Amino acid sequence: MAKILAVDDSASMRSMVAFTLRGAGHDVEEAENGQAALDTAGNHKFDLILADVNMPVMDGISMVREIRTRPGYSGVPILMLTTESNPEKKMEGKAAGATGWLVKPFDPDQLLATVARVLG
Amino acid sequence: MSKVDLAQFHKAFHEESLDGLDAMEQALLALDEGSDDPELINVVFRAAHSIKGGAATFGFTDVAAFTHVAENLMDEVRSGRRPMEKAVVELLLRSGDTVRDMLSLSMAGQPAATPESQALLAELSAMVSGGSAAPVAAAKAAAPAETVESWDITFRPFDYLLKTGNDPARMFRELGALGPLRVECDASKLPSLADMDASSSYLGWSLHLDAGAKRAAVEGVFDWVDGDCELNLAPRIAAPTPAPAPAAAPAAPAAPRAVRDPAANSEASSVRVGIEKIDTLINLVGELVITQSMLSQFQDGVDESQLEMLRDGLAQLGRHTRELQESVMSIRMLPISTVFNRFPRLVRDLAQKLDKKVVLDLRGETTELDKTVLEKIGDPLVHLVRNAIDHGLEVPAKRLAAGKGDTGTLRMEAFHRGGAIVVEVADDGAGLNREAIVAKAVQRGIIASGDGMSDDAVAELIFEAGFSTAAATTDLSGRGVGMDVVRRNVMDLGGTVAIRSTQGSGTTFTITLPLTLAIIDGLTAAVAEETYIVPLVSIVESVQVQPDGVRSVVGGGELFRFRDQWLPIVRLFDVFGCQGKRPPVDEGIVIVVEGEGTRIGLFVDELIGQQQAVVKSLEANYRRVAGVSGATILADGSVALIVDVAGLIRMQARRKAA
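Note that the coordinates shown come from a computational prediction; the quantities given were computed from them, not determined experimentally.

(A) Local environment of the overall build of chain A. A tally of helices and strands in chain A yields 5 helices and 5 strands. Each helix and strand of chain A, placed in order from N terminus to C terminus, yields the pattern β-α-β-α-β-α-β-α-β-α. Taken across its 120 residues, chain A has 58% of its residues classed as buried. For chain A, the proportion of contacts with a sequence separation of at least 24, taken over those separated by at least 6, is 61%. Carbon and sulfur atoms make up 50% of the accessible area of chain A, which amounts to about 4,400 Å² in all.

Put into structure tokens, the structure is as follows:
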């Protein structure tokens, strides 16, 4: 069981991700934008962060850049949830320090497979 | 693997998409008015982007395809390749409407691609540069097939790799899942212990995967570290085989659309409640529990010295109960902005169509109304706004000639007054035309002549059934819905509509609505052994009638004189078939009530008092009963029926006609 932070401004996507991961036995917290994620990450230590790219207040790329400067978050896996129309975002995310990505749209099985890949 | 039913997220997706579309519309309108705030463009882009992502995830492919093209268009604007011109705003506004329709079709389990949506999609695609929208997944040129026997891989991460959260050991495990893997480690670059940084990577590896794994699978293991390492993937090929004829696009398995469970799709309406309201509730319940435990010490009796404490406790209980009631009621309350939000668009479209200049002034948008009232007040407001722009406000030339600015103002304002909510729709247009209204009313046979009628009385005429003053019926107002329907809709909500007009300077409609439909203020009245409640809003006056002021008419009806009118007396005793003594007319009270512009007198034995009644649905608990709108429970635990005044008036009218 891992402690996972799901960040997305879309409540339906967030609940789909959280519901799926909880069903697989993980402990999931949710945040609705990058700033909220930073706040939550300040209070808990997460084993994995899944973050949408395009969000109001603070986008996912800025969030990754910021969180990598936080103590304890240097090597924590962070996956960007990107869309295929934005391949350049994958590279932007990597440059900011993201571990990898999961391309939207994804289904619960793909999500679990990718998470298993990172958590080993 | 997982058994996650995506249908459970459809409703949340639908709601957030509607919110996104509303935000998009508001941003587009602001952009249309010349704002150059870049965040507005982001809002529009994000709405299209999120809906596309969600629609694709939850299987609404038609919606996803449509929003994909809208998103591309917005991406061009966002990146500065296209100016945000009128035509773009126009097209995106229409797109928002279409997506709204497509979503509701999707939620109903129907195909969302309609001829209209396809036509608009074609327009969108034509606008996006390059004309045709590139298919989302361009078929890759078929690579010649290789028959790989095994893979030799050299992999040397750059020193920062571990900091990105990628872990070579994990990647080797993935490779190991593809087949037997041999790993050799090259530690030649390992620094002395003193110089070592635990979070840096110094090792390199040579790997041999003894399996004919597909290139995509092997590359897939390393896709996240592309650019963060030296990587060489060398397949050992057995014997080259000629490239097979490019396989026809894999016949997409026509997956039968899952038949939606109609129950899962039920229109159970929900309310989103702010967390602070829930917190208040929890607080209050907590205090109630404390009060309860304080009072429970008196269960074995009270001695005189404790009376003061008991009184305090009961007062506290009363206060908490009242606060709890208010707080629970507030859960059903939503800000009127949810209704007002649609008007900027409507006003813009109407003004454009009629070549008028209109500024919409929305005020009091945070005023809260009962959800049911909110849902039903939209249509009457739309009608008033249409009327105001169509008939009330003048074209610029006419305004200038009248010495006014060329731009008309339409004010929509909501506020509290007493125990009610007031919504005003006011324009600074020409005002009602007395002569035209009188002429029309005479022509329609509503009145004989306008002589001696006050301006207010003339204004009231527009609420008569079938009244319309537009010289030429435009496609905006002449929709067969008159002001009489507006008034009826508002009255159904327990409210009233009043009009105030000044020739030359404008018209104001004032809608007064009850705070909630769940609680009414009523007058309790006794009839034989029963208690009935008459809603206070419909009561004009209560009078005692003398036998000589009553006339019997053919068919058993009774009339009584009320000021200068003869009104029918409706005896609740007869209507509800009460048992017992039927008192003569001078031993009871007549409550004069008004509904839908008609007055009748309700005859009861006596008035008991005024009280708030929590309305319980009779239909839900028993069945619909003519002349009764609901029931409530009295302080002594007995049930009292709430009289449906409008229903009784209709019953009376039918009896008269019969």
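(B) Focus on the interface of chain B and chain A. Each partner contributes residues to the interface: chain B has 37 residues there, and chain A has 39 residues. Between chain B and chain A, the buried area comes to about 3,000 Å², and carbon and sulfur atoms account for 56% of it. Where chain B touches chain A, the interface holds 3 salt bridges. A salt bridge links B:D223 to A:R117; its shortest N-O distance comes to 2.8 Å. Taken together, chain B and chain A are joined by 18 residue pairs in polar contact (both at pLDDT 80 or more). Ranked by residues supplied to the side of chain B that touches chain A, first place goes to helix α2 (residues 38-57) of chain B with 8 residues. Tallied by class, residues from the side of chain B that touches chain A come to 14 nonpolar, 11 polar and 12 charged.

(C) Representation of the nonpolar core in the model. If you look at the biggest cluster of nonpolar residues, it comprises 84 residues, and the most contacted ones within it are A:V7, A:L21, A:I49, A:L50, A:M63 and B:V63. Per element, the largest residue contribution to this core is 9 residues, and it comes from helix α4 (residues 86-107) of chain B.

(D) Main features of the packing of aromatic side chains. Under the definition given, this model contains 12 aromatic pairs over all chains. Geometrically, the ring pair formed by B:F172 and B:W205 is edge-to-face, given 5.1 Å between the ring centres and 75 degrees between the ring planes. One end of the pair, B:F172, is in helix α6 (residues 168-176); the other, B:W205, is in strand β3 (residues 204-209), with 33 residues separating them in the sequence. Here a set of aromatic residues connected by ring pairs shows up, and it is made of A:F19, B:F9, B:F13, B:F58 and B:F60. The ring of B:F45 is capped by B:R78, whose NZ or CZ atom sits 3.6 Å from the centre of that ring. A cation over an aromatic ring shows up here: B:R571 above the ring of B:F603, its NZ or CZ 4.5 Å from the ring centre.

(E) Quick look at the packing of helix α12 (residues 371-392) of chain B against helix α16 (residues 483-492) of chain B. Residues and elements named next belong to chain B. Running from N to C, α12 and α16 point in directions that differ by 150 degrees, and their axes come no closer than 9 Å. When the axes of α12 and α16 are compared, the pair comes out roughly antiparallel. Judged by the twist between their axes, the crossing of α12 over α16 is left-handed. In this structure, α12 contributes I377, P380, H383, L384 and N387 to the contact, and α16 contributes M483, V486, N489 and V490. Broken down by class, the residue content of the contact of α12 with α16 amounts to 6 nonpolar, 3 polar and no charged.

(F) Local environment of the sheet that holds strand β4 (residues 78-83) of chain A. All names here are of chain A. The strand order across the open sheet formed by 5 strands is β2-β1-β3-β4-β5, and the pairing between neighbours is parallel. Sheet topology places β2 (27-31) and β5 (100-104) at the edges, where each strand pairs with a single neighbour. Across the sheet, the mean angle separating the axes of adjacent strands is 20 degrees when strand polarity is ignored. Pairing between strand β1 (residues 3-7) and β2: 5 bridges, direction parallel. Looking at the pairing, L5 lines up with E29 of β2. The strands touched by helix α4 (residues 87-96) are β4 and β5; relative to β5, the strand with the most contacts, the crossing angle is about 155 degrees.

(G) Focus on the sheet that holds strand β19 (residues 598-604) of chain B. Residues and elements named next belong to chain B. Pairing within the open sheet is mixed, and its 6 strands lie in the order β14-β18-β19-β17-β16-β15. Unpaired on one side and paired on the other, β14 (539-543) and β15 (550-552) mark the two borders of the sheet. Here the strands of the sheet are splayed against their neighbours by 35 degrees on average, with no regard to which way each runs. Two elements, strand β18 (residues 589-595) and β19, share 7 bridges in a ladder whose sense is antiparallel. Note on β19: the bridge partner recorded for V593 is I600.

(H) Quick peek at unusual backbone geometry. Residue and element names in this part refer to chain A. Following K104, the chain continues to P105 via a peptide bond in cis, the omega torsion being 0 degrees. Along the chain, the position of P105 falls in the loop between β5 and α5 (108-119). Phi is positive for V57, which is not a glycine, with a value near 65 degrees.

(I) Spotlight on the UniProt feature "modified residue: 4-aspartylphosphate" (unreviewed entry) in chain A. Residues and elements named next belong to chain A. Mapped onto this numbering, the UniProt entry gives "modified residue: 4-aspartylphosphate" (unreviewed entry) at D52. Checked against the element boundaries, D52 lands in strand β3 (residues 48-52). We classify D52 as buried; its relative accessible area is 3%. When near neighbours in sequence (up to four residues on either side) are disregarded, D52 contacts V7, D8, D9, G60, M80, L81 and K104.

Conventions we followed
Residues numbered from 1 in each chain as written. Chains lettered and ligands numbered in written order. Predicted model: local features only at pLDDT ≥ 70, side-chain atom pairs only at ≥ 80, totals over all residues. Heavy atoms only, no water. Helix = DSSP H or I, 4+ residues; strand = E, 2+ residues; numbered from the N terminus. Buried < 20%, exposed > 50% of the residue type's maximum accessible area, 1.4 Å probe, protein only. Contact = heavy atoms within 4.5 Å. Areas by Shrake-Rupley, 256 points an atom, 1.4 Å probe, with all protein chains shown as cover. Buried area = accessible area lost by both parts, 1.4 Å probe. Salt bridge = Lys/Arg side-chain N within 4 Å of Asp/Glu carboxyl O. Polar contact = N/O pair within 3.5 Å; in protein donor to acceptor, adjacent residues only side chain to side chain. Nonpolar A, V, L, I, M, F, W, Y, C, P; charged D, E, K, R; others polar. Core = buried A, V, L, I, M, F, W, Y, C linked by side-chain atoms within 4.5 Å. Phe/Tyr/Trp six-rings, centres within 6.5 Å; stacked < 30°, edge-to-face > 60°. Lys NZ or Arg CZ within 6 Å of the ring centre and 35° of its normal. Axes fitted to C-alpha atoms, helices over the stretch in contact; angles between N-to-C directions. Parallel < 35°, antiparallel > 145°, perpendicular 65-115°, else oblique. Left-handed = near helix turned anticlockwise from the far one by under 90°. Pairing = 2+ DSSP bridges. UniProt positions renumbered as here; feature names shortened; annotations may be inferred.

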